[in-house]
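Next come the chains, spelled out residue by residue.
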Amino acid sequence: SAMTQTITLIEGDGIGPEITAQVVRVLQALQLPLTFDRQTLGQTALEQTGSLIPEATLQSIRKNHIALKAPCTTPVGQGFRSVNVQLRLAFDLYANIRPARSLEGVKTRYENVDLIIFRENTEDLYIGEERKIDEDTIEAIKRITRPASQRIIQAAFEYAAAHQRKKVTCVHKANILKQSDGLFLRIFREIAAQYPQIEATDLIVDNACMQMVMHPEQFDVMVMPNLYGDILSDLSSGLIGGLGLLPGVNRNEEIAIFEAVHGSAPDIAGKNLANPTALLQSACMMLDYLGYGDAAQRIHKALVSVLCDTPVRTRDLGGTATTTAFTDALIARL
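Bear in mind the structure is a predicted one, so any value in this text is a computation, not a measurement.

Chemist: It is not clear to me how the packing of aromatic side chains should be interpreted in this structure. Could you clarify?
Modeler: Two measures describe an aromatic ring pair: the distance that separates the ring centres and the angle between the ring planes. This structure, assessed with the given rule, holds four aromatic pairs. Taking 5.5 Å as the distance between ring centres and 40 degrees as the angle between the ring planes, the aromatic pair formed by F157 and F188 counts as tilted. In this pair, F157 sits in helix α5 (residues 146–162) while F188 sits in helix α6 (residues 180–192), placing the two residues 31 residues apart along the sequence. On the basis of relative accessible area, F157 is assigned to the buried category, the value being 0%.

Chemist: What is the right way to look at the layout of surface pockets in this model?
Modeler: Sizing a probe to match a water molecule and rolling it over the atoms shows the empty space that remains. Estimated volume of the largest pocket: approximately 620 Å³. In terms of lining residues, the largest pocket is bounded by 24 residues, among which P99, R101, Y159, M285 and D288 are the most central. Looking at the lining of the largest pocket, the elements with two or more residues in it are β4 (95–101), β5 (114–120), β11 (247–251), α9 (277–289) and α10 (293–309). Counting residues per element, the lining of the largest pocket draws most heavily on α9, which supplies five residues. Taken together, the residues of the lining of the largest pocket break down into 15 nonpolar, four polar and five charged. In this structure, the second largest pocket occupies an estimated 420 Å³ of space. Those elements giving two or more residues to the lining of the second largest pocket turn out to be α4 (83–91), α8 (226–240) and β12 (256–260). Among the elements that make up the lining of the second largest pocket, the one with the highest residue count is α4 (four residues).

Chemist: Quick question: what am I supposed to make of empty space enclosed by the protein here?
Modeler: Summed over the entire model, instances satisfying the criterion amount to three cavities of 30 Å³ or more. Computed from the structure, the largest cavity encloses a volume of approximately 50 Å³. In terms of lining residues, the largest cavity is bounded by V85, R88, L89, N121, Y126, I127 and N226. Tallying contributions element by element places α4 first for the lining of the largest cavity, with three residues. Tallied by class, residues from the lining of the largest cavity come to four nonpolar, two polar and one charged.

Chemist: Is there a simple way to think about unusual backbone geometry in this case?
Modeler: Glycine aside, negative phi is the norm for most residues, and most peptide bonds take the trans geometry. Unusually for a residue other than glycine, D124 sits at a positive phi of about 70 degrees. When you line up the elements, D124 lands in the loop between β5 and β6 (130–134). Taking the relative accessible area as the measure of exposure, D124 reaches 0% and is therefore buried. In the Ramachandran plot, Q164 falls in the positive-phi region, its phi being about 50 degrees despite a non-glycine side chain. Mapping Q164 onto the fold places it in the loop between α5 and β8 (167–172).

Chemist: Quick question: what am I supposed to make of the sheet that holds strand β9 (residues 199–204) here?
Modeler: The strand order across the open sheet formed by 10 strands is β2-β1-β3-β12-β11-β4-β5-β10-β8-β9, and the pairing between neighbours is mixed. Only two strands of the sheet have a single neighbouring strand rather than two, namely β2 (34–39) and β9. Mean inter-strand twist for the sheet, computed between neighbouring axes without regard to direction, equals 25 degrees. With three bridges connecting them, strand β1 (residues 5–10) and strand β3 (residues 66–69) associate as parallel partners. Note on β3: the bridge partner recorded for L9 is L68.

Chemist: Before we go on, may I ask you to explain the pattern of salt bridges in this structure?
Modeler: Where charged atoms of side chains with opposite charge meet at close range, the side chains can pair. On inspection of all chains with the given rule, the structure shows 18 salt bridges. Residues D220 and R165 are paired through a salt bridge, measuring 2.7 Å at the closest nitrogen-oxygen approach. With D220 in the loop between α7 (205–214) and β10 (221–224) and R165 in the loop between α5 and β8, the pair connects residues that are 55 residues apart, well separated along the chain. Salt-bridge contacts for D206 lead to K173; the nearest nitrogen and oxygen are separated by 3.2 Å. Taken together, the positions of D206 in helix α7 and K173 in the loop between β8 and α6 put the pair 33 residues apart, joining distant regions of the chain. We classify D206 as partly exposed; its relative accessible area is 46%. Put simply, K69, R88 and E259 are held in one network by salt bridges that share partners.

Here is what the cut-offs are and how they apply
Note that residues are indexed from 1 along each chain, following the sequence as it is written. Confidence filtering applies because this is a predicted model: local features only for residues at pLDDT of at least 70, side-chain atom pairs given and counted only at 80 or more, and all residues used for totals across whole chains, interfaces and linings. Calculation of side-chain values draws on the structure's entire complement of heavy atoms; hydrogens and water are dropped beforehand. Aromatic rings from Phe, Tyr and Trp, taking only the six-membered ring of Trp, are treated as a pair when their centres fall within 6.5 Å; an angle between ring planes under 30 degrees marks them as stacked, one over 60 as edge-to-face, and anything in between as tilted. Under the scheme used here, helices are H or I runs from DSSP no shorter than 4 residues and strands are E runs no shorter than 2 residues, and both carry numbers assigned from the N terminus. Only protein chains enter the calculation, and the probe is 1.4 Å; a residue is then buried if its accessible area is under 20% of its type maximum, exposed if over 50%, and partly exposed in between. With a 1 Å grid laid over protein atoms only, a set of points is called a cavity when a 1.4 Å probe fits there but cannot get out and a pocket when it is open yet has protein on both sides within 12 Å along at least five of seven lines; lining residues have an atom within 4 Å of a point. Grid points are joined across faces, edges and corners, and a volume is the space filled by probe spheres set on the points. Here the nonpolar group is Ala, Val, Leu, Ile, Met, Phe, Trp, Tyr, Cys and Pro; Asp, Glu, Lys and Arg are the charged ones; every other residue, Gly included, is treated as polar. Two strands are said to pair when DSSP picks up at least two bridges between them. Fitted lines through C-alpha atoms serve as axes, helices being fitted only where they are in contact, and the angles separating the N-to-C directions of these axes extend from 0 to 180 degrees. Any carboxyl oxygen of Asp or Glu within 4 Å of a side-chain nitrogen of Lys or Arg constitutes a salt bridge here.

Next up, the structure:
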């Protein structure tokens, strides 16, 4: 029999525990050799342990190398650094990968979006290094380094090669930020030369936004520094029906944390109204990563079948189904 894989399971805050419970039900219905090590993070962890990121949670991720994480709340205005940012830095999870793929049965303005954003996760403006010059002047530091740029760009090309993707697009602002984004773009071109079979293009970020809204189907794999990645991956979720559908992973060569990208939605917490799809799709990415591609396909087919062949929809997709009822319908189709 296959070795049992232990997954660190982080239920998160707000709607986190509800959507996590339903995703676990789906995974259990497939009877895979997976076990869950439940840990806390965020607001709940702070209340229970006095720490936003308990040492036990970090140890569990270190030991299992893999985590499935629901949205966590970082208390606002108390000087706490975002839980997500802290986790990425704690484990040096340099690649933030978010696929946006049209889901049959979810009506949007576009039919055939299938793109995947590789976002650098450890530097650029997003690290929030700022300094006060005087009362009326603040500077923010945008840091771009060769090692960090190389590894995310390499990861994008490796992924494209492994998954028969045709094209990698670099998004930048090197026309203005000639040195920082210029370095990122230069490294992109160096690495692209090692993959002659893959089309390599680059776009200035403002043009990239326009192109994504006008003709998103032209994009395949996209790679970019941290801040543009943050913005464009949310934009890409809007192309496919919203953050309630978008999965993601933060990873390096050793550790992968799969997570729903959306927030903890405290306004609907505890009401059994949340859409579990984003976390479910993140679980599918996790299954792919673990070599259970068939199981991931089965879940995806069941999801599409619920959306195409039934009226069952959670509220965010214009329906009235509860989180549980939506999951029941999906499990019935496995």
